[in-house]
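Chain residues, written in single-letter form:
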Amino acid sequence: MASLRHLRLSTTGAALALFLAAAPVSAEAPSGEQIFDHCTQCHGSAGEGNQLVAAPPIAGMAEWYVAKQLRKFRDGIRGKDARDHEGLRMRPMVRFLTDDTWIDNVSSYTASLPKPAPVATLSGGDAAKGAGHYATCAACHGLAGEGNQATNGPALAGQSDWYLYQSIEKFKTGVRGSDPKDTDGAVMRGMVMILTDDQAMKDVVAHITSFPTN
Amino acid sequence: MVRSFLVQASSFAADIDFVIDLIGVLVGFWFVLASCVFFYLILRFRSKDEGKAEWVTGEEKSQKRWITIPHILVLICDIFILVGAVRVWVHVKQTMPEETTPVRIVAQQWAWTFVHAGPDGALDTDDDIVKIDELHVQKDVTYRYELSALDVVHDFSVPVFRLKQDAVPGRVIEGWFKPTLAGEFDIQCAEMCGIGHGMMPAELFIETAEQHTAWMADHAPKSLAAVSAP
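Residues numbered from 1 in each chain as written. Chains lettered and ligands numbered in written order. Predicted model: local features only at pLDDT ≥ 70, side-chain atom pairs only at ≥ 80, totals over all residues. Heavy atoms only, no water.

Here we look at helix α2 (residues 61–93) of chain B
All names here are of chain B.
Turning to step 1, where the next piece is worked out: Between its terminal C-alpha atoms α2 stretches 45 Å, which fits the 48 Å expected from 33 residues at 1.5 Å a residue.
Turning to step 2, where the next piece is worked out: Restricting attention to buried positions, one finds in α2 the residues Cys77, Ile81, Gly84, Val88 and Val92.
Turning to step 3, where the next piece is worked out: Buried residues belonging to α2 abut α1 (13–44) and β8 (173–177). (Helix = DSSP H or I, 4+ residues; strand = E, 2+ residues; numbered from the N terminus. Expected span 1.5 Å × (residues − 1). Buried < 20%, exposed > 50% of the residue type's maximum accessible area, 1.4 Å probe, protein only. Contact = heavy atoms within 4.5 Å.)

The following block contains the structure:
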């Protein structure tokens, strides 16, 4: 009987320990690093991105831009087009960001990560020709693709070529930027129309990838 | 039994429930009976001071009956289950009703795209209505679905329909359902499809004819191109 009572006590103790371990330590929002742990499955442990799962690099991206995109995904402004297969993957992922503090925390954390050096995956682009096209982009994205919050232009330097190409294509076809609430996207949709064909898109991407990362 | 836990919202839900109930009752009966016999024998022939237990080889006819009679009875039960299951399988999976309205279902990590036929009742026309994670159907109308997957294996599961069908990349799988109960219900992916599998729910709206007509009028497409099956 003594051993049975001992077993019962041990079981109760183990259950209590499990309960305490599972209970939230505080009501505060988790840190950006804790939230980012959920993102690493696709975006990589250092936010370096993974083309295989259509996840772009996010390390070192401006905090304001990441936060804005997360809110767009959350509010159904981005990633709700049936043709946006990559966006549809991201859309459910933001559901666990239950309030703005979480979005701010994780955006701040990703901004603090060092930008990875992009790996070339696209060929056939002519950076010199792309420089001509980029003159239009520079007004919002900066002469060296450094980005400009005042014009809602995110940094392009350091971004993967495949993601840049894919994004331009999506803006051109209206897969991205078509939602009436997506005012930045609507501007971008008009801008990408200067890239009249596939070669022009590749050229401008080649030019952007020639920018220094930092 | 099953319908006490979950409403039946399709024409074949009761048939599926019947098979589940049949299996549950028959298997449950034998489980309870076998457990009773098992524990009775354990208690009846528990260790006593009268001496060592006899080693029973099970070769005598009187002993073999304990195996052969239940075995035959269980096989008879199997026949009932087989007949019931095959009858339902042929009705639900192998017989396509003639008058159907098409709906295209495309699964991907981690969303459902539903392409509804517009007022013309045909897919791949200008009036198709494309919705993400929302399936709108009309009560008492038979639908023929074209199910496909863009990336990995998913499973289109509608518990209130008792419908569960794998979506396999590279294949377009056809099936049918007929909603019989108006309301809002859950759709889920029932095949592990990656890290976002648990965040891949969709909503099923079963509407009356008036509601469905009004919904189609409200959601007439403006410029969105219809999604073609891969």
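Describing the packing of aromatic side chains
Residues and elements named next belong to chain A.
Turning to step 1, where the next piece is worked out: Summed over all chains, the structure comprises 15 aromatic pairs over all chains.
Turning to step 2, where the next piece is worked out: Ring plane angle 65° and centroid distance 5.1 Å describe the contact between tyrosine 134 and phenylalanine 211, whose orientation is recorded as edge-to-face. Residue tyrosine 134 is located in helix α6 (residues 127–141), and its partner phenylalanine 211 is located in the segment after α9 (198–208); the two are separated by 77 residues in the primary sequence.
Turning to step 3, where the next piece is worked out: A relative accessible area of 2% places tyrosine 134 in the buried class.
Turning to step 4, where the next piece is worked out: Considering the side-chain rings of tryptophan 162 and tyrosine 163, the 5.8 Å spacing of their centres and the 80° angle between planes classify their relative orientation as edge-to-face. Per residue, the accessibility class of tryptophan 162 equals that of tyrosine 163, and both read buried. (Phe/Tyr/Trp six-rings, centres within 6.5 Å; stacked < 30°, edge-to-face > 60°.)

What about the domain arrangement of chain A?
Residues and elements named next belong to chain A.
Turning to step 1, where the next piece is worked out: Partitioning chain A into structural domains gives domain 1 (29–115) and domain 2 (123–214).
Turning to step 2, where the next piece is worked out: The C-alpha-based centres of domain 1 and domain 2 are spaced at 20 Å.
Turning to step 3, where the next piece is worked out: Taken residue by residue, the interface counts 21 residues in domain 1 and 24 residues in domain 2.
Turning to step 4, where the next piece is worked out: When domain 1 packs against domain 2, the two sides together hide about 1,900 Å² of surface, and 52% of this comes from carbon and sulfur.
Turning to step 5, where the next piece is worked out: On the domain 1 side of the contact with domain 2, Trp64, Ile77 and Lys115 bury the most area, a combined 33% of that side's loss.
Turning to step 6, where the next piece is worked out: Remark: the boundary between domain 1 and domain 2 carries 5 salt bridges.
Turning to step 7, where the next piece is worked out: Here lysine 170 ties to glutamate 86 by a salt bridge, and the two come within 2.7 Å at their closest N and O atoms.
Turning to step 8, where the next piece is worked out: Across the domain 1-domain 2 interface, the total number found is 9 residue pairs in polar contact (both at pLDDT 80 or more).
Turning to step 9, where the next piece is worked out: Listed by contribution, the elements that provide at least two residues to the side of domain 1 that touches domain 2 are α3 (63–74) and α4 (85–90).
Turning to step 10, where the next piece is worked out: Here the side of domain 1 that touches domain 2 is built from residues that sort into 8 nonpolar, 5 polar and 8 charged. (Domains from an automatic or database assignment. Buried area = accessible area lost by both parts, 1.4 Å probe. Salt bridge = Lys/Arg side-chain N within 4 Å of Asp/Glu carboxyl O. Polar contact = N/O pair within 3.5 Å; in protein donor to acceptor, adjacent residues only side chain to side chain. Nonpolar A, V, L, I, M, F, W, Y, C, P; charged D, E, K, R; others polar.)

Structural notes on the sheet that holds strand β10 (residues 202–207) of chain B
All names here are of chain B.
Turning to step 1, where the next piece is worked out: With respect to topology, 5 strands assemble into an open sheet ordered β4-β10-β9-β6-β7, the strand pairing being mixed. Taken across any chain shown, the strands that pair with only one partner, and hence form the sheet edges, are β4 (134–138) and β7 (163–167). Mean inter-strand twist for the sheet, computed between neighbouring axes without regard to direction, equals 20°. (Pairing = 2+ DSSP bridges. Axes fitted to C-alpha atoms, helices over the stretch in contact; angles between N-to-C directions.)

Quick look at the interface of chain A and chain B
Interfaces are often described in size by the accessible area the parts lose on coming together.
Turning to step 1, where the next piece is worked out: With 12 residues of chain A in contact, the opposing surface of chain B contributes 15 residues.
Turning to step 2, where the next piece is worked out: For the pair chain A and chain B, the summed buried surface comes to about 1,300 Å²; carbon and sulfur atoms form 65% of the total.
Turning to step 3, where the next piece is worked out: A per-residue breakdown of the area chain A buries against chain B is headed by Ala82, Arg89 and Met93 of chain A, which together make up 36% of the total.
Turning to step 4, where the next piece is worked out: Taken together, the links from chain A to chain B amount to 2 salt bridges.

Brief notes about the sheet that holds strand β3 (residues 129–132) of chain B
Residues and elements named next belong to chain B.
Turning to step 1, where the next piece is worked out: Spatially, β3-β2-β1-β5-β8 is the arrangement adopted by the 5 strands of the open sheet, whose pairing is mixed. The sheet terminates laterally at β3 and β8, the two strands that pair on one side only. The sheet shows a mean angle of 25° between the axes of neighbouring strands, taken without regard to direction.
Turning to step 2, where the next piece is worked out: In the sheet, strand β2 (residues 111–116) pairs with β3 via 4 bridges, with the strands oriented antiparallel. Pairing of histidine 116 across the sheet is with isoleucine 129, part of β3.

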